[in-house]
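Overview (structure and organization)
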Amino acid sequence: MSGEASLAEERTLGEFVLRRVHAESCGECLPCALGTRQIAAVLNGTAGGNGGAVEAAVWRALGRAMRQAAKCGVGRIGGALVEELLDRDPDFFAPGRKRNSGDQGQEG
Amino acid sequence: MSTFTMIIDGRRVEVPEKTTILEAAAKIGVKIPTLCYLKDIGHDVGACRICVVEIEGEPELVTACNTPAAPGMVVRTNTEAVREARKVTLEMILANHPEECPTCVRNGTCELQALAAAFNIREVRFPRTRPEFPLDDSATALIRDPNKCILCRRCVTVCRQVQSVGAVEFGKVYGEPAVTTLLHTPLGETNCVQCGQCILVCPVGAIYERDDTDRVWAALADPHKHVVVQTAPATHVALGDLFGLAPGTDITGRMVAAFRRLGFDAVFDTNFTADLTIMEEGSELLERINNGGVLPQLTSCSPGWVKFIEHFYPELLPHLSSAKSPQQMLGALAKTFYAQKRGLNPDEVFVVSVMPCTAKKFEAARPEMKASGRRDVDVVLTTRELARMLREAGLDFANLPEDDYDEPMGLGTGAGQIFGATGGVMEAALRTVYELVTGKPLENLDIEEVRGLAGVKEAAVPLNGLRVKALVAHGLANARAVMERLKAGELKDYHFIEIMCCPGGCIGGGGQPIPTTSTIREMRIGGIYARDRALALRKSHENPQVQKLYEEFLERPLGHKSHELLHTTYTARGFQPRGE
Ligand code: SF4
Ligand code: SF4
Ligand code: SF4
Ligand code: SF4
Ligand code: FES
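Predicted model only: the values in this text are computed from it and were never measured. (Residues numbered from 1 in each chain as written. Chains lettered and ligands numbered in written order. Predicted model: local features only at pLDDT ≥ 70, side-chain atom pairs only at ≥ 80, totals over all residues. Heavy atoms only, no water.)

A look at the overall build of chain A
Rule in force here: Put simply, DSSP H or I for four residues or longer makes a helix, DSSP E for two residues or longer makes a strand, and each gets a number counted from the N terminus. In this description, accessible areas are obtained by the Shrake-Rupley approach with a 1.4 Å probe, and a residue is regarded as covered only by the protein chains that are shown.
Within chain A one finds four helices and zero strands. When the accessible surface of chain A is totalled, it reaches about 4,900 Å², and 53% of it is carbon and sulfur.

A few points about the layout of surface pockets
Residue and element names in this part refer to chain B. Put simply, the rule reads: A cavity, in this analysis, means grid points on a 1 Å lattice covering only the protein atoms where a 1.4 Å probe fits yet has no way out; a pocket is instead an open set bounded by protein on both sides within 12 Å along at least five of seven lines, and a residue lines either one if it has an atom within 4 Å of a point. Grid points are joined across faces, edges and corners, and a volume is the space filled by probe spheres set on the points. Ten residues, namely Ala, Val, Leu, Ile, Met, Phe, Trp, Tyr, Cys and Pro, are considered nonpolar, four, namely Asp, Glu, Lys and Arg, are considered charged, and the remaining ones, Gly among them, are considered polar.
Estimated volume of the largest pocket: approximately 740 Å³. Every residue lining the largest pocket is counted, 27 residues in all, and those nearest its centre are Lys31, Ile32, Pro33, Thr34 and Leu115. Of all the secondary-structure elements, those providing two or more residues to the lining of the largest pocket are α1 (21-27), α2 (80-95) and α3 (111-118). Sort the elements by how many residues they give to the lining of the largest pocket and α2 lands first, with five residues. When grouped by side-chain class, the residues that make up the lining of the largest pocket number twelve nonpolar, three polar and twelve charged.

Side note on the nonpolar core
The condition that has to hold: In these notes, a set of buried Ala, Val, Leu, Ile, Met, Phe, Trp, Tyr and Cys residues joined through side-chain atoms within 4.5 Å is what counts as a nonpolar core. Think of it in three bands: with a 1.4 Å probe and only protein chains considered, a residue is buried below 20% of the maximum accessible area for its type, exposed above 50%, and partly exposed in between.
Within the largest apolar cluster, 93 residues are counted, with the highest numbers of intra-cluster contacts made by Leu18(A), Ile39(A), Phe93(A), Leu90(B), Trp305(B) and Met483(B). Leu286(B), Val461(B), Val468(B) and Ala470(B) belong to the second-largest nonpolar core, a separate cluster that totals 34 residues.

Comments concerning the interface of chain B and chain A
Stated precisely, the cut-off is as follows: Any two residues having at least one pair of non-hydrogen atoms within 4.5 Å are treated as being in contact. Buried area: the accessible area, evaluated with a 1.4 Å probe, that two parts lose upon being put together, summed over both parts. Any carboxyl oxygen of Asp or Glu within 4 Å of a side-chain nitrogen of Lys or Arg constitutes a salt bridge here. In protein, a polar contact requires one atom able to donate a hydrogen and another able to accept it; more generally it is a pair of N or O atoms within 3.5 Å, and residues adjacent in sequence count only if both atoms are side-chain atoms.
Taken residue by residue, the interface counts 32 residues in chain B and 31 residues in chain A. A combined buried area of about 2,700 Å² lies between chain B and chain A, and 56% of that area is made up of carbon and sulfur atoms. For the interface between chain B and chain A, the tally reads four salt bridges. A salt bridge links Glu60(B) to Arg76(A), with the shortest nitrogen-to-oxygen separation between them at 3.1 Å. There are twelve residue pairs in polar contact (both at pLDDT 80 or more) connecting chain B and chain A. Elements that contribute at least two residues to the side of chain B that touches chain A include exactly α2, β7 (168-173) and β8 (176-181) of chain B. Considering each element in turn, the side of chain B that touches chain A owes the most residues, nine residues, to α2(B).

Some words on the domain arrangement of chain B
Residues and elements named next belong to chain B. In plain terms, the rule: These domain limits were set by an automatic method or by a database of domain assignments.
As assigned here, chain B comprises domain 1 (3-78), domain 2 (107-209) and domain 3 (213-566). If you average the C-alpha positions of domain 1 and of domain 2, the two centres end up 27 Å apart. Counting from both sides, the interface comprises eleven residues of domain 1 and, opposite them, 14 residues of domain 2. With both sides pooled, the region where domain 1 packs onto domain 2 buries about 990 Å², and carbon together with sulfur makes up 72% of that total. Considering only the side of domain 1, the residues that lose the most area to domain 2 are Leu35, Ile41 and His43, jointly responsible for 54% of the buried surface there. Between domain 1 and domain 2 we count zero salt bridges in total. For the pair domain 1 and domain 2, the number of links is five residue pairs in polar contact (both at pLDDT 80 or more). Here the residues of the side of domain 1 that touches domain 2 are counted per class, giving nine nonpolar, two polar and no charged.

Notes on the packing of aromatic side chains
All names here are of chain B. Inclusion rule: To pair, rings of Phe, Tyr and Trp, with the six-membered ring standing in for Trp, must have centres within 6.5 Å; the planes then decide the type, stacked if under 30 degrees apart, edge-to-face if over 60, and tilted in the middle.
For the structure shown, the criterion picks out ten aromatic pairs over all chains. Their ring planes at 35° and their centres at 4.9 Å tell us that Phe243 and Phe397 sit as a pair that is tilted. Of this pair, Phe243 sits in the loop between β10 (226-231) and α7 (252-262) while Phe397 is found in the loop between α12 (383-392) and α13 (414-417), placing the two residues 154 residues apart along the sequence. For Phe243, a relative accessible area of 16% translates into the label buried. Both rings, one in Phe259 and one in Phe264, keep their centres 5.2 Å apart while their planes meet at 85°; by these two values the pair is edge-to-face. For Phe259, a relative accessible area of 1% gives the class buried.

Digging into the site of ligand 3
We count it as follows: The rule for a residue being near a molecule or strand is that one of its heavy atoms must lie within 4 Å of it.
Every residue near ligand 3 is listed here: Cys149(B), Ile150(B), Leu151(B), Cys152(B), Arg153(B), Cys155(B), Val179(B), Cys202(B), Pro203(B), Val204(B), Ala206(B) and Ile207(B). Here the shell around ligand 3 is composed, by residue class, of eleven nonpolar, no polar and one charged.

Considerations on the site of ligand 4
All names here are of chain B. Put simply, the rule is: Here the criterion for a molecule occupying a pocket or cavity is that more than half of its atoms lie within 2 Å of the pocket grid points.
Every residue close to ligand 4 is listed here: Ser302, Pro303, Gly304, Cys357, Lys360, Met500, Cys501, Cys502, Cys506 and Gly509. Assessed atom by atom at 2 Å from the grid points, ligand 4 resides in the largest cavity. When grouped by side-chain class, the residues that make up the shell around ligand 4 number six nonpolar, three polar and one charged.

Some words on empty space enclosed by the protein
Residue and element names in this part refer to chain B. Counted under the stated rule, the structure contains seven cavities of 30 Å³ or more. Here the largest cavity is characterised by a volume of approximately 250 Å³. As for the largest cavity, its lining consists of 24 residues, and the residues nearest its centre are Cys301, Ser302, Lys360, Phe419 and Cys506. Considering only residue class, the lining of the largest cavity consists of 16 nonpolar, seven polar and one charged.

The structure is reproduced here in structure tokens:
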């Protein structure tokens, strides 16, 4: 397996898990409810305004806020994953990137 | 109580057990920001995470509002991580929040706006991620704007825990968390009693009263309208809050002067019809006692409470006094008695009420409230709406001279005044019923047992061999507990029960100035009893204008005209929303 292929797989897996985290978010606390919604919006290309052109540093802050301030493990894991994915690929959340189909792991 | 020491931002602080980090920090003057937390209603669900702080040795941040302080705990409230987490959350809220501050009803009293200012937010780094939702303006008195909702869930707690109604709830809309109504039914079709307690606790402009000020301006500008206004007891000690006066300040005379400057044709006091209510409701009570009627009698002057019993305890409606609320009595009399006296066409008389209450908007719109042949009360303004009119008119309210109400419905006694506080209707009734039955003057007019913020209060007054037993409850969860006891047959030997929908009574009504906290409620209650003590007349039956009204027009309490104009019927509404 080449390094290239594993990066693509990592990305696929990362997106899959992030979508799951969004679907699992119960909505009881705002860092997770709103953070996962930001993530879902960029993955699905549905963010309004500037289309989700959020700088990597801001995504990192979002990840850190979710990891440190969310109420339960769902948001904390989600936040940790955002940070981890950015470590591996600083452009992970760049808008306009080709994404996997949005319905993976999404609730109806 | 045992205490312990901890460290906050490098300073030692000694606190008693069961102190939260938030309270401990406040002790040394460190104000940790909060958004969802609301101590008054015991709401500490930890939703917003704005109050996060660092605790040494903990990998994650913790919420100060609901985390107990512990001995030796080392807390930091202002670190890079803390500031960043707060700011990210706040920016994500703002990203999905309409930028409508200049036109928002909560501009200036909004907690989100204040936080954005405090955090020095100058730019929102996130895009909008949620669709726009339609306003819910199905209810007579209030409007919900889901677009402004920040998901703090205070309204859910107040509606469920304090009011035991549960008309709003936390759920999902289009798969995203949202505060919505029972079964997503339009609010006006649910069992919402329109008390407006949710408005008082909402930190933002997501729930607010329907603003009717334009209809009043239009009536004032109409030369064919004779515009009269009435002022509820609880407004006398609350309106001043909105003009920089201390809560509880008696602004009665200034309020009257303000109405004259706005151009009202007559200024009446709902305290007058509060006295009249005592005559009617007290007579009804005596009739029930003497003729084996349904007892205990329940008070009926609080429309939020009336709607509650109609929804939740329709089988107990025979207990409810048939007397209308003072607002509706005044409306009916303005278009009959007063119109006749002044030779006015009742169709030209336009009645405006200024109430501490959103539910009064619903009450005035009830189809049966047309005793004069047309709507008896045309527009109900909350205390907040009146303040908006006064500001719009450029009145320097706090410095207005004092003025007097108009005859023939402008005089209220202290008994009418205390209607504004929990226990007040009961106290006023007992003052009158005692004297009417025994023929002796009541020695101590202050019936302390029924005063104050305890949820359920009791008193007993000896009346010619009969011990009249009375219960008082305020806040609908307390009312529900009393109704359960009544249903279970535990209150058979009670005669009279006063229920007010809102915590503290009308001084804490859903139309009152924001903020309305427990402390402010107490200050307004203080103002109510101070005004009662200061008035020369303190018993409803001694009100000369009420006596004259009976002589000239009504003849006697519970007489034919009274029945026509001052009494009403109720609707069993059942529990479930129609689900449309
Ligand atoms: S709710 Fe607050 S922040 Fe939102 S528009 Fe109104 S005043 Fe502004
Ligand atoms: S007005 Fe009262 S009953 Fe209606 S939703 Fe608000 S708190 Fe609940
Ligand atoms: S409507 Fe207001 S009180 Fe209710 S959750 Fe939304 S912001 Fe909070
Ligand atoms: S207690 Fe007073 S303010 Fe509250 S619903 Fe009843 S009448 Fe209105
Ligand atoms: S104020 Fe503590 S979590 Fe909202």
